[in-house]
Structure formats: C-alpha cells, structure tokens
Amino acid sequence: MDKKIEIIVNARTTDEAAKVVLEKAIEEGIETVWDRLEAQQPQCGFGQLGMCCNRCAMGPCRISPFDDAGPTRGVCGADVDLIAARNLLDDLLVGAASHSDHGREVVEVFLETAEGKSQGYKILDETKLNAIADEYGIDTKGKSKEAVAKEVALAIFEEFGTVKNSIQFAESRPPEKTKETWKKAGIVPRSVDREIVEAAHRVHMGVDSDYVNILLHALRTSLSDGWGGSMMATDISDVLFGTPKPVSSYVNLGVLKPDMVNIVLHGHNPVLSEMVVKASREKDLVDYAKKMGAKGINLVGMCCTGNEVLMRQGVPIAGNMLNQELAIATGAVEVMLIDYQCIFPSITKTAGCYHTKVVSTSEKAKFPGAIHKEFHPGNAFDTAKEIVKLAVENFPNRNPDRVKIPNNPMKLMAGFSVEAITSALGGTLQPLIDVIASGKIRGAAGIVGCNNPKIKQDYNHIVLTKELIKRNILVLETGCAAIASGKAGLLVPEAAELAGDGLKEVAQSLGIPPVLHMGSCVDCSRILVIAAKLAKALNVGIADLPIAGAAPEWYSQKAISIGAYFVASGVYTVLGLPPKIFGSPNVVQLLTEGVEGVVGGKFAVEPDPVRQAELMAAHIEKKRKALGI
Ligand code: SF4
Ligand code: SF4
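Residues numbered from 1 in each chain as written. Chains lettered and ligands numbered in written order. Predicted model: local features only at pLDDT ≥ 70, side-chain atom pairs only at ≥ 80, totals over all residues. Heavy atoms only, no water.

Side note on the overall build of the protein
The line we're drawing: Numbered from the N terminus, helices here are DSSP runs of H or I no shorter than four residues, and strands are runs of E no shorter than two. Radius of gyration here is computed from C-alpha atoms only, and the compact-globule reference equals 2.2 Å multiplied by the residue count raised to the power 0.38. Classification of residues uses two cut-offs on accessible area relative to the type maximum, computed with a 1.4 Å probe and protein chains only: under 20% is buried, over 50% is exposed, and between them is partly exposed. Whether two residues touch is decided by their heavy atoms; if any such pair falls within 4.5 Å, the residues are in contact.
In terms of regular secondary structure, the protein is built from 27 helices and 15 strands. Relative to a compact globule of 629 residues, whose C-alpha radius of gyration would be 25 Å, the protein shows 24 Å and is just as compact. Dimensions of the protein, computed from the C-alpha atoms along their principal axes, are close to 70 × 65 × 50 Å. Counting across all 629 residues of the protein, residues that qualify as buried make up 62%. For the protein, the share of sequence-separated contacts (at least 6 apart) that also reach a separation of at least 24 residues comes to 76%.

Observations regarding the site of ligand 1
What counts, and what does not: What makes a residue near a molecule or strand is one non-hydrogen atom of that residue sitting within 4 Å of it. Three categories are distinguished: nonpolar for Ala, Val, Leu, Ile, Met, Phe, Trp, Tyr, Cys and Pro, charged for Asp, Glu, Lys and Arg, and polar for the others, with Gly belonging to the last.
In the vicinity of ligand 1, the contacting residues are C53, R55, C56, M58, G59, C61, G74, V75, C76, R86 and M205. When its residues are assigned to classes, the shell around ligand 1 shows seven nonpolar, two polar and two charged.

Some words on the packing of aromatic side chains
What counts, and what does not: Here is the rule: rings of Phe, Tyr and Trp (six-membered ring for Trp) pair when centre to centre is within 6.5 Å. Planes less than 30 degrees apart are stacked, more than 60 are edge-to-face, and the remainder are tilted. Note on geometry: a ring has a charge over it if NZ (lysine) or CZ (arginine) is within 6 Å of the ring centre and within 35 degrees of the ring normal.
Tallying each qualifying case throughout the model produces four aromatic pairs. Centre to centre, the rings of Y121 and F241 are 6.0 Å apart; their planes meet at 55°, and the pair counts as tilted. With Y121 in the loop between α5 (80–114) and α6 (126–135) and F241 in helix α11 (residues 211–241), the pair connects residues that are 120 residues apart, well separated along the chain. Of the residues examined, Y121 reaches a relative accessible area of 8% and is grouped as buried. For the ring pair Y136 and F169, a centre distance of 5.9 Å and an interplane angle of 70° mean the geometry is edge-to-face. Here F169 lies in helix α8 (residues 168–172) and Y136 lies in the loop between α6 and α7 (145–158), a separation of 33 residues in the sequence. Of the two residues, Y136 and F169, neither departs from the other in class, the shared state being buried. Cation over ring: K278 sits above F381, and NZ or CZ is 5.8 Å from the ring centre.

A word on the sheet that holds strand β7 (residues 357–360)
In a beta sheet, neighbouring strands are held together by backbone hydrogen bonds and run either parallel or antiparallel to one another. Our working rule: Any two strands between which DSSP finds at least two bridges are classified as paired. Only the stretch in contact is used when a helix axis is fitted, and all axes are lines through C-alpha atoms; the angle between N-to-C directions ranges over 0 to 180 degrees.
Reading across the sheet, the five strands line up as β5-β4-β6-β7-β8 and stay open at both edges, with parallel pairing between neighbours. Looking at strand neighbours, the two that pair on one side only are β5 (297–302) and β8 (371–372), the edges of this open sheet. Looking at chain direction, strand β4 (residues 261–267) and strand β6 (residues 335–338) are connected through four bridges and run parallel. Bridging from a neighbouring strand, I263 pairs with V335 of β6. Across the face of the sheet, helix α12 (residues 270–280) comes into contact with β4, β5 and β6 while running at roughly 160° to β5.

A word on the packing of helix α20 (residues 459–470) against helix α21 (residues 479–487)
Quick note on the threshold: For classification, angles of less than 35 degrees are called roughly parallel, those exceeding 145 degrees roughly antiparallel, those between 65 and 115 degrees roughly perpendicular, and all remaining angles oblique.
Between α20 and α21, the shortest axis-to-axis distance is 9 Å and the interhelical angle comes to 75°. With respect to α21, the element α20 is oriented roughly perpendicular. On the side of α20, the interface is formed by H461, I462 and T465, while α21 contributes C480, A481, A484 and S485. Of the residues belonging to the contact of α20 with α21, the class tally is four nonpolar, three polar and no charged.

Digging into the site of ligand 2
Around ligand 2 sit H268, C303, C304, M321, C342, G449, C450, G479, C480, C521, Y555 and K558, and those are all the residues in its vicinity. Every element with two or more residues in the shell around ligand 2 is listed here: α14 (303–313) and α21. Of the residues assigned to the shell around ligand 2, the class counts are eight nonpolar, three polar and one charged.

Considering the nonpolar core
Stated precisely, the cut-off is as follows: Here, nonpolar core refers to any group of buried Ala, Val, Leu, Ile, Met, Phe, Trp, Tyr and Cys residues whose side-chain atoms link them within 4.5 Å.
F110, V152, W227, V261, I263, L468 and F566 are the most contacted members of the largest nonpolar core, which has 175 residues in total. Not counting residues within four places of it along the chain, the set of residues in contact with F566 comprises G446, V448, C524, I527, L528, G549, V571 and T573.

Focus: the sheet that holds strand β10 (residues 443–447)
Here six strands make up an open sheet; going across it, the order is β12-β11-β10-β13-β14-β15 and the pairing parallel. Two strands in the sheet have a free side with no partner beyond their single neighbour: β12 (515–517) and β15 (603–605). Averaged over all neighbouring strand pairs, the angle between strand axes comes to 25°, with direction disregarded. Relative to strand β11 (residues 473–477), β10 runs parallel, the two being bridged by five bridges. Within β11, the position partnered with A445 by the bridge is V475. In this fold helix α27 (residues 609–627) packs onto β10, β11, β13 (547–551) and β14 (572–575), with an angle of close to 160° to the strand it touches most, β13.

Examining the side chain of Q324
Locating Q324 in the fold gives a position in helix α15 (residues 324–329). Its relative accessible area of 0% is what places Q324 among the buried residues.

A short note on α5
Side chains that are three or four residues apart share a direction in an α-helix, a result of its 3.6 residues per turn. Definition in use: In a helix, the anticipated span is given by 1.5 Å times the number of residues less one.
Taking 1.5 Å as the rise per residue, α5 with 35 residues should run 51 Å; its terminal C-alpha atoms sit 51 Å apart, in good agreement. Along α5, 27 of the 35 residues are buried, which leaves the element largely enclosed by surrounding structure. A positive backbone phi angle near 75° is found at G116, which sits one or two residues after α5.

So this is what it looks like as structure tokens:
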C-alpha cells in the first residue's frame, strides 16, 4: 500500500477488511464519509456547543461563549440553557419517532398478517404471541393464533394514541421501584405518539421555556421509545419472524462473494428483508442466477437490517455504518436494498461509480438516483422476488477488473435474545444472578450505538469491550457496536480467553462468547427487559443493579433517545462523544449529576475508551457494595 494512503486508511478505521477496500476507494477517487468530514472542517463551534438556534424566522441566533462580550440571549429572549435543552429535545424526539415509526410499521404488517391480507408472512412465535396477549389481558382460550394476533395488534396500536393514556410494556415490565421513580418525577410515558408530538410542541418558540422541564420531558419521551415503540418493534418482529436463538455466521466485507450475485440489505426494518431472504432461496431465481453466469445468490446485511436478518436467519453481515460505501466500492454488489435510517443520502452517487443498483423500498425514504420498488405487506413476496431478479440481471454488468473483496470473513455468534439467554442458563436467570452475587461476574454492561467518522472506526467499541470483559463484566451489545465486536473476533466463544478468570469460566462452561450480540438498535429494548427481570428477581429497581451502559461512537438522534431511556430507567450511561450541550453548564450539570437524584441514572461523557471502562467498572463496584455483594 502507498505510504500516504496507508496513513490515511489507518487513521480512519481499525477494520482490517475495510482498510483493503478503503485503499481501493482512495485510489479510484471514490468520495467517502471521511472525505466529507474533512471538507466540513472546521465545524462550527457554536453548533458543537449547542449555543445556536435556527428554530424560527427571527433567527438564526447564537449566544456568545464569553461572559463579557456578545449576546447572551436570542432574539426571542432564550438563554443558552433553553437553547441547548430545546435542541437536545428536538434531536431526541426525532430519534424516538424513528424507532417508534419503525415499530408501527412492523405492527401494521402483523395486523395484515392476522387478517390474511399480507403476502408471504406467518406468525412464527406463538409462545411469544400468547405471552404478549397475556400481558394485555387478552383471553387466548379457544382462539386461533390469527385471532389472538389481531387483538394484540389492535391493542398495540392503542399505545400510539391518546385514548388509553398509558403504555402496557411500561406498566407490566419494569420493577415497581423504577416505576415509582417515574411517577414521582412525573415522567411516566402516556403514549408513544403523544410524548413525541408534545416534545415537538414544547420546542416551538414561546412554549416550554424552562430547561429543567424540557429535559424531564426528554426523559419521558425517551421512555415512550424504549418501553414503547422500540420494544413493540422487537417483540412483534419476534412474533412474526421468530425469536432469535444462538446462530453462527460471518462478518466483514469479506462476506461478499466474487462468483455470486451479491445483494446488500441495508437500513433498519426487517419486514421486506425477511421476504428477500425467502425469495433468494427460490429455486427458479437461483437457477436464473446460474444461467446468468453466477454460482448463486449471496445475501449479506449492513447496519441494523443486517442485524435483524443475522439474528434470525444467520445471514452474514458485511459491516456497520461506516462500511456502507465501502461495500459498493468492492465493485461486487449487484443491488443495495435500502429501507430507512442511517443510509447516506449520497449512496446512489457512490453506486453510480460502479454497476450497483440502489433499490429504495419505503415511500417515506426516497433517494434520488435509486430505483424505487415500493413495499406493501400485500405485495411483499412479489416485490422481494422482483428485487432479487433485478440483482441477478445486473450480474453480467459487473466489471471483474474492478472487483476487490477482502479475504477472511470473521466468524461470529449472534442471536442472544432474552429468551435465548434464559434458555442457555437452563430456563431461568437465577444462574446469572448467582454468578454476579458470587463475584465471578462483577456485573453487566450494555454497549450500543453507531459509528461516527470523528472516531477511528470501531476503535472505541473494541477497546471498551475488551477492557470490560477483562474486568469480568459481561457485555451485551446491539447495533453497530455489536457488528464492531464481531469484526474484531469478540463474538465467538474463543474470545472468552480475553476475559477475566470469572467471566472466562462462566462463558466457557456455557459455550458462549463473553460479549453477547442482542440485535439491532430497537433491540436495546431487550437490554431493558433483561435488566428489569434481574431487578424484579432481586426485588430492587434497575438503578440498584451493578450494570452500566455506553454509546462510545454514537452519531444518531436515535442514540440520544436510547441513552436517555437507559438513564431514565436508572442506568449510568457513558457517551464517547459529547452531545451538543456543553455551552450550557446548567444543562451539563443536570444530565451528568442532578438527574441521578431523580431517576437513579445519569450520563457521563468520556472520549477515552479505557477511561470509559474504568468509570463503568467503578459504578458497577459501587452498586455491588450498596447491594452488599
Ligand atoms: S426561537 Fe428564539 S433563539 Fe431560536 S431562532 Fe427564534 S428567536 Fe432565535
Ligand atoms: S447503531 Fe447507530 S449507526 Fe448503527 S444502525 Fe443503529 S442508529 Fe444507525
């Protein structure tokens, strides 16, 4: 590798497979996210500190960072505390809306399936369906699974509106003590849409002008995501497509195949991708691929759609957020199928440099230059087959001289739903409680969230994860964090060798990795569920558990909502990049200190992953001491 390119590549990513393709992209003059970040330098300091507001036509306004010079209020009179808090709530509500709208779409498919109106879908997990029906007080006796599903779907739709005025999962799942703190703070979520819409109302000029009140509503909105929209997305996806069980597969850009039709499934929602998995196995399409000169059809995932089909179908995964352009730059992708969220708007420009066709599928996420094949539950399987056929027909357009696929995909194990963890432990979480109580495992950490080109790809995720398992802390991961660990070889049972003696012994005796892949971003709700179950078993609140959370490379508004619902549920949560609030010492103080007295959890911001691990481990030890273990 050219020395100059080698320096650039090593500064951008730790992912060895990505380095190979990034070098190719640089040589071919393909623009990537890192180039665009460079072109944006220097980024605006007012924006980074959350000291500017562009909310209304009297603005934009910015507050001076200096005490003795420049304006201290916007044109409307808002001070820096209000501006920073309002901006944060604005970001958070977008994140909560994204998860929840995804959840609603899954429930829509579920209802159409129950009514026999969808194409290709079935209810695969009747046990989970009945358990949810039970939570909702729906009598299942003598009813077909479709009849039960219809009642459950309609009951869940109520959670989005304002008639019921409460969210069932936020009532039946958290421990009493956690719910008490929410009641006392006045942040019990009332409905998914209500909290999000109210948040959008509150950030309008001249509505909520008290930063404390705004931040409390931010917590409530996030709870309507974590215990509402996201949890519904997870649970109903499980009912429709099956609750994940441990599954082995492969990860990194090396999962693309030089002699096969490659289709990348990118985005977040599994509803169409599950059908594409089915379609890609249809004999007539496989035969067609062979007729076109390929050995077969190779589906791979990307980001959280990738996580969804990995968890349930064992589909290999090509990478996380910063790998999306590089997958195309291998020159070996016939179709990149996109649904929504975390897809670079420039992806069609990247694809235009190769033979790759980008196929968009959601009416709410169109990309200029993409082929649009609109997905509806009623035509799902036909649409999926059409897309696979398009990919097959694009195979002869591939230029073999421009193909470079890295070798050595990494093996991984995924599929650790709460049900799978419980079953690996023999049907109850008690063995986990016992090893935590004995000190073999000191506690658990949830590492979640994204990549961000401001941080060398996967560096924080991997260093933090290794530091935690070394300290005998079991790590639960979702989203791009889990993919990072997979690429680094941490999601295989052999990785137990890197853990401290106690965790190593437990992982080896169960044959599991010390880092458990629990799914996509919406599956952070699985982490809430397991925390709630542990707290209930111990008769304490979630805030009393020896657990911590981290989003070491986050970029997305969804990550703000996830971080906030972890904190609101009582979890100490470390962010690897600062949210845009540091222009307001009051907002920072409230979120990193004051909020602990209200909900038991709080944020910390720490860029160094070793220090992140130290902070989390210290918190876990503090909680162990308080529990007397
Ligand atoms: S809401 Fe206030 S601070 Fe924001 S742009 Fe309008 S006038 Fe400026
Ligand atoms: S973890 Fe972040 S970047 Fe990755 S898919 Fe989820 S929201 Fe997008």
